[in-house]
Structures are given as C-alpha cells and as structure tokens.
Amino acid sequence: MNFQDLTLFKESIKQGIPSVLPPAKPYSADANRAPKRKDILSVDEKQLAVRNALRYFPKEWHQELAIEFAQELKDFGRIYMYRFKPSYHMKARSIADYPAKCEQAAAIMLMVENNLDPAVAQHPEELITYGGNGAVFQNWAQYLLAMKYLSEMEGDQTLHLYSGHPMGLFPSSEDAPRVVVTNGMMIPNYSQPDDWEKFNALGVTQYGQMTAGSFMYIGPQGIVHGTTITVMNAFRKVLAAGESPQGKIFLTAGLGGMSGAQPKAGNIANCVTVCAEINANAATKRHQQGWVDELIDNMDELVARVKAAQANKEVVSIAYIGNIVDVWENFYEKEIYIHLGSDQTSLHNPWSGGYYPVDISYEESNRLIREEPDVFKEKVQSTLKRHADAVNKHTARGTYFFDYGNAFLLEASRAGGDVMAENGIDFKYPSYVQDILGPMCFDYGFGPFRWVCASGKSEDLDKTDAIAAKVLKKIMQESPEEIQQQMQDNITWIEDAKQNKLVVGSQARILYADAQGRMEIAKAFNDAINNGDIGPVVLGRDHHDVSGTDSPFRETSNIYDGSRFTADMAIHNVIGDSFRGATWVSIHNGGGVGWGEVVNGGFGMLLDGSAAAERRLKSMLLFDVNNGIARRSWARNEEANFAIKREMARTPKLKVTLANLVEDDVLNKLSF
Ligand SMILES: NC(=O)c1ccc[n+]([C@@H]2O[C@H](COP(=O)([O-])OP(=O)(O)OC[C@H]3O[C@@H](n4cnc5c(N)ncnc54)[C@H](O)[C@@H]3O)[C@@H](O)[C@H]2O)c1
C-alpha cells in the first residue's frame, strides 16, 4: 500500500463514524450476499429496530437514514447500514499499519479485518464470516466505532463488545483483556431459533458462530486440519496396525463451505475419497480450486474409476456430481467395499436446501423449496430413510460409519429412518467427537491451537512452522506411549503445512497440540520475537476444542455423567482465561450446531517478546486446556484422567478433584 493510501486508511479508522454523511451506496448483487432474513417483526418492533439503528448517528441525519434503514429492513430483514461500509480494502495488514496507541489493540484490528476480508468472509457486505450467519458485527456503525475505540485504546483500558455493539472503553489494568466479547448471550428461555431472528432484526444481538464473532477465523485451513485428523484416526479404528489407507474408500457427501475440505483431507490421509455433491457449481468450483482431483457425473464411470483406484491402491479424491444416496445404493449393488462412511450435507438446515432429495433434479428441488415446501419436506424425509437403509446395508458388511456433526442421525431419526440403537435413546452410529476427536484428542488436551504472524510476512510463518516442528519433536522424545501417535501426526502436519498451500487471508497456521505443546511452542515464539527473528504473533484457537465449548451433540458428546447439557465449563474457561492474561476473550451462544444448542468461547493473545507475555502465556494456556481435561476426567473419561494426573505431576500447584469409580455390582443391587 502506498503512503497516501495508508494515511487515508489510518485517518478513516481514527474518525469512526464519519463527520459528513457519506452518499448512499448502490446495491451490488454481484457480491456474495447473505440470504434475505425472515420478516419477523411487528410494525411496532420495526419502528424500534429503526430507532435502535439511528442512535449511532446525529439527529440531522435521522430523516434521511430512517427511510433508508426501514427499506433495508424490508428488503433484507436486517439493517446493515450499507452506506457506512468503508471504501478501503478490508484485509489483514501488517500490525505496523494500524493506527493504535497499544500494540495489543493493533493486533485485534488486524484479526477483525481478516474476518471481513472478501477473500476470507462468506458475505462480507453483511459482515458475515462463515456459516451463513456468523457475524463479526451487526452493522457497519458498530465496526466503525469499535475500530475507532481500538485506535484510541491505551494499555490499561478494556473495550466491551455486546454482540458487536461497542459499549465503550472502560479503565482496567495492563493485565486485563483489551477486549471482552459476548455474542448472542440470552436469558436461557429466549434462545429458540426465532428469538435470534427477532432480536437480531431489532439490532440487539447477533450470532457469532465460533471464530467469526471472536475474530479468530483463519479460512478453510482450520477445517482441513480437523477433518484430516478425523479421517486419519477413523482409518486407524478400522485398519490393522501399520496398514495403509491407500486404495481404501472414504465415502461422504458435500463440497460446500466446510464439507469441501473432505477430499483434501482424504488426500493428506492417503485414501480414496468419493464425495457426492448435488450442486454441479459447487463441485466444479472445488475442482478448479484444486481441492478435489477428479470430477465424474456418470454412475457407471464412477464405479469403474473407484474399482480401479481400489485395485491400484491409489490416493485420489473423486467428486461425483449427483445425489449421495445413489452412490451408497449403487456401491452396494456393485459390491464396492467402503471402509469409512460419513456425510456432510447441511442437515442442520434440512428444509431450505441443506439436503437434496434423491430422484429429482437440483432445479426441481429448488422450485419445490419455494413453491411447495410441504412436498419438499416429504421428499427429504423419504430420502433420509433410503439413505439410512443404504448405510445400514454397508455397515452390515463392515463399513465404519460416523456422524459428522451435521445432524444426519438426528434428522434421519426424525424422518423415521432406521438409525436408533436398541435402547431407543441413542443412535446406532457414533458422532465424530464421541468416537474419534473426544477420546483420541480432546481428552488428552489435543485441540486446534493456532497462530497468526502479525507482521503479515510469509517468511515469519515459515519460521514459526520450523520452530513448532522442532519443539514437538523434542517433546515427543519424552511423551508417553498414549500420545505418541498424536505427536507424530502433528509433526507430519506442520512439516507438510507449507506445501499443502493452506493460507487464505492472514499468515496463519493451525496445529493440534496439547497443553505442554501449546505452552512450549508459544514460549519458543516469544523468545524468537525477543531475539528479533520474527515479528509479533497472535495466539488463539478454534472454540471447537477441549475446554471452550459445551455442546451436548458435538464437543461434549463424549461426556456421559449427565453434565453434557450444562455450560459451566465454557463459562469457567472464559472467566479463567480473562484474568490469566488473554488479550481478548469471547463467549457465544450458538456456533456450529445452532442458537440455543451450544455455549462456546475463545481467546486471542498477542506475543510481543516481552517477559509479561511469557508470564501470561504460561498461566493462561495451562488453564485454557486443563480446565476441560479436569472436567472430562471428573466425567470419568479414562484418557482425561490419565492426562490430568500427568499434568498434576508436572505442575505442583495444580490440584484437581478426581472421581472414584463405582463397581457396577454396587449399583445393580439397588432397587429404586
Ligand atoms: N467440517 C467440519 O469440521 C464440521 C464439523 C461439524 C459440523 N459440520 C457440519 O457439516 C455440514 C456441512 O457444512 P458446510 O459448511 O459444508 O455446508 P454447505 O451447505 O456449504 O455444504 C453442504 C453441501 O452438501 C450438498 N448436498 C446437499 N444435499 C446433498 C445430497 N443429497 N447429495 C449430495 N450433495 C448434497 C449441498 O449442495 C452443499 O454444497 C453442516 O451441517 C456443518 O454444521 C462440519
């Protein structure tokens, strides 16, 4: 960026809401726009929504803006205040380019802008980063004000953000977080999906998803890593020790936002991935982006190609343009053995295009959604039953099937599909967290740790990759048998990360690591910053982690003591992180599985090479991981019990309450 552009950018940030009313902007349908939201407010409530929006602006503008905002509400179901979107290019710049009085505030600005970068964000005009509704702010006034506050902030002030609304800068201390974020926190009884529609339309809350509203999104890289870990470990469950996944089939569906990572993950895990995608555009886009190797739209051709890939023990990913149910059924008939099966269609949203029925065209389905929603619903439900039957036939032959947190089993069961276990309460098949991520990763403390090189230099990212690999190799030499495999997987991941070309937006890297790994890597980064080898680094993690998220059907689905419907862990985590040195903290209602279904939180921490940063990283990362391990251990999870005892041996000041196990006999004798 040239000097003049940089000066204008800085001035624009410092100004916040402009002093002169900017001209109205023409609506461009070219951009990837958020779907029009429900018209849910009464006339009085619509007035209230406009009144709420106008409080960001001086009285002289109210006449003009009131008409415009009422029109936005009518056209889009929300007031985004489009005309206030700044004209500079939104992207993660170098930390040195932000107008800030403290470096921590500049780091947060960089992360905010990354989440709104059009190359990263799903609907950038509507301030949505991912997941259709994962908002960074509710409207452009909130963005402008928050950035202005950050530019004015000193090292002993804290900005409080209420679902995107900057309530203000409050005096605090140097060790306090610079920003406290809450998103969608509701009185529990007001947490139904329509409550989000209503209160978001009023402009008083937002759905922050996980890393959207907490400024910690790093593009598709995060999903690729998590999916790779899942596919790799799923193969380990079904193959003999040392047996290679080459030529073995992973059958799944979906080449959309997150699901599009499956073929790339399958390639990294060394298998044959067959991924059905009903939307030819989505499949072609993923193929052009290099995320899937081959594109096939004919079933006979697919069968022949897959048989060849099996015979030649290939590593290849194949997109089939068509319905997933056809693939399951045809592969059964043609006796193609599937080692792993899953599904990542958007069944959290079954009635408006998340899942397409079999035997009708994509276009006809879209017509039914708009014109005959009841007929569409019936077709989805009968397809789900067929889908479940086909999966059952394969699992009877030995296929390992798991739910990928997309509500496949839930919706199949609601449709009357044969997916319930004999007890009538559980499903026949596990979720990916119950069987894989929970016991193999989260319970040991391994989770999606990440960092961003705030200099914006790719050389810094290369150096941090090398530092992380060196630290992990050293730790692995002394690691117990139980976690050797995880350590090796993460070393392989970080060594191959650059060649897998995963960076989109900021210079970021994800790496599954446990508490010891995260702390030692962070300390090594801080030393390298202190030595002048690299610039400042922002640490963080996905909320989808050991301790940050209470979600009974996903992150905490492998908690069996009845507490998976509680949210104490996530709340303790955010409070605990906030006074141990996080630069910013966040806590959200909703994320992944839906509003009201999950409470999740995260943090960001700037490493600047100082002794204070070293003190903070040691204190906060230890708690951030071990809080969840302690809870998982109290829930009698064996792996977590092992991990927390190990941590207590290493950390004398850590004293965790351990569960006494009860013999079944004692309970079986009881009469109630
Ligand atoms: N990847 C992860 O780590 C992860 C974790 C938890 C949950 N999920 C869940 O996975 C789901 C998918 O997420 P996404 O962002 O990719 O959604 P998306 O809507 O962008 O993609 C889903 C794709 O499935 C396709 N599809 C729908 N019905 C189909 C059918 N019958 N046959 C073939 N293709 C079909 C759609 O055309 C679409 O492209 C969501 O429910 C999400 O919550 C993913």
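Use the structure listed above.
The shown structure was predicted, so the numbers you read here are calculated from the model rather than taken from an experiment. (Residues numbered from 1 in each chain as written. Predicted model: local features only at pLDDT ≥ 70, side-chain atom pairs only at ≥ 80, totals over all residues. Heavy atoms only, no water.)

## Here's the deal with the overall build of the chain
We apply this condition: Think of it this way: any DSSP run of H or I at least four residues long counts as a helix, any run of E at least two long counts as a strand, and we number them from the N terminus. The globule rule is 2.2 Å times the number of residues to the power 0.38, and the radius of gyration it is compared with is taken over C-alpha atoms. When a residue's accessible area, from a 1.4 Å probe over protein chains only, is under 20% of the maximum for its type it is buried; when over 50% it is exposed; and in between it is partly exposed.
Along the backbone of the chain there are 22 helices and 17 strands. The C-alpha atoms of the chain give a radius of gyration of 25 Å, which matches the 26 Å a tight globule of 672 residues would have. Its C-alpha atoms give the chain principal-axis dimensions of about 70 × 65 × 60 Å. Taken across its 672 residues, the chain has 58% of its residues classed as buried.

## Quick word on the packing of helix H18 (residues 515-530) against helix H20 (residues 611-634)
Put simply, the test is: Only the contacting stretch of a helix is used when fitting its axis, a line to C-alpha atoms as for every element, and angles between N-to-C directions run 0 to 180 degrees. Roughly parallel covers angles under 35 degrees, roughly antiparallel covers those over 145, roughly perpendicular covers 65 to 115, and oblique covers all other angles. Less than a right angle of anticlockwise turn of the near helix away from the far helix marks a crossing as left-handed, whereas a clockwise turn marks it as right-handed. Any two residues whose heavy atoms approach within 4.5 Å are treated as being in contact.
Closest axis-to-axis distance for the H18/H20 pair is 9 Å, and the angle between their directions is 165°. When the axis of H18 is compared with that of H20, the two are roughly antiparallel. Between H18 and H20 lies a crossing whose hand is right-handed. Touching Ala-515, Arg-518, Met-519, Ala-522, Lys-523, Asn-526 and Asp-527 of H18 are Ala-613, Glu-614, Leu-617, Lys-618, Leu-621, Leu-622, Asp-624, Val-625 and Asn-626, all from H20.

## Considerations on the pattern of salt bridges
We apply this condition: The rule for a salt bridge is simple: a side-chain nitrogen of Lys or Arg has to be within 4 Å of a carboxyl oxygen of Asp or Glu.
For the structure shown, the criterion picks out 35 salt bridges. Here Arg-509 and Asp-465 are joined by a salt bridge, their closest N and O atoms 2.9 Å apart. Of the two residues, Arg-509 is situated in strand E13 (residues 508-513) and Asp-465 in helix H16 (residues 458-477); the sequence distance between them amounts to 44 residues. When its relative accessible area of 6% is taken as the criterion, Asp-465 is described as buried.

## Concerning empty space enclosed by the protein
For clarity, the cut-off: In this analysis a 1.4 Å probe is tested at points of a 1 Å grid over the protein atoms alone, and where it fits but cannot get out there is a cavity; an open set with protein on both sides within 12 Å along at least five of seven lines is a pocket; lining residues have an atom within 4 Å of a point. Grid points are joined across faces, edges and corners, and a volume is the space filled by probe spheres set on the points. Residues are grouped as follows: Ala, Val, Leu, Ile, Met, Phe, Trp, Tyr, Cys and Pro are nonpolar; Asp, Glu, Lys and Arg are charged; every other residue, Gly included, is polar.
The tally for this structure, following the rule as stated, stands at two cavities of 30 Å³ or more. Taken as a whole, the largest cavity spans an internal volume of roughly 60 Å³. For the lining of the largest cavity, the element with the most residues is helix H21 (residues 638-650), which contributes four residues. Grouping the amino acids of the lining of the largest cavity by side-chain chemistry returns four nonpolar, two polar and four charged.

## Quick word on the site of the ligand
Under the convention used in this document: Near is defined per residue: the residue qualifies when any heavy atom it owns lies within 4 Å of the molecule or strand. Pairs of N or O atoms within 3.5 Å make up the polar contacts considered here, provided that, within protein, one atom can donate a hydrogen while the other can accept it, and that residues adjacent in sequence are counted only when both atoms are side-chain atoms. For the accessible areas, the method is Shrake-Rupley and the probe is 1.4 Å, while residue cover comes only from the protein chains on display.
Near the ligand, the surroundings consist of 25 residues, among which Gly-257, Ser-259, Glu-277, Ser-346 and His-348 are the closest. A distance of 3.2 Å is found between a nitrogen atom of the ligand and a backbone nitrogen or oxygen belonging to Ile-278. Here a nitrogen atom of the ligand sits 3.3 Å away from a polar atom, N or O, in the side chain of Asn-323. Relative to its unbound accessible area of 870 Å², the ligand is 89% covered by the protein chains. In terms of residue class, the shell around the ligand is built from nine nonpolar, 14 polar and two charged.

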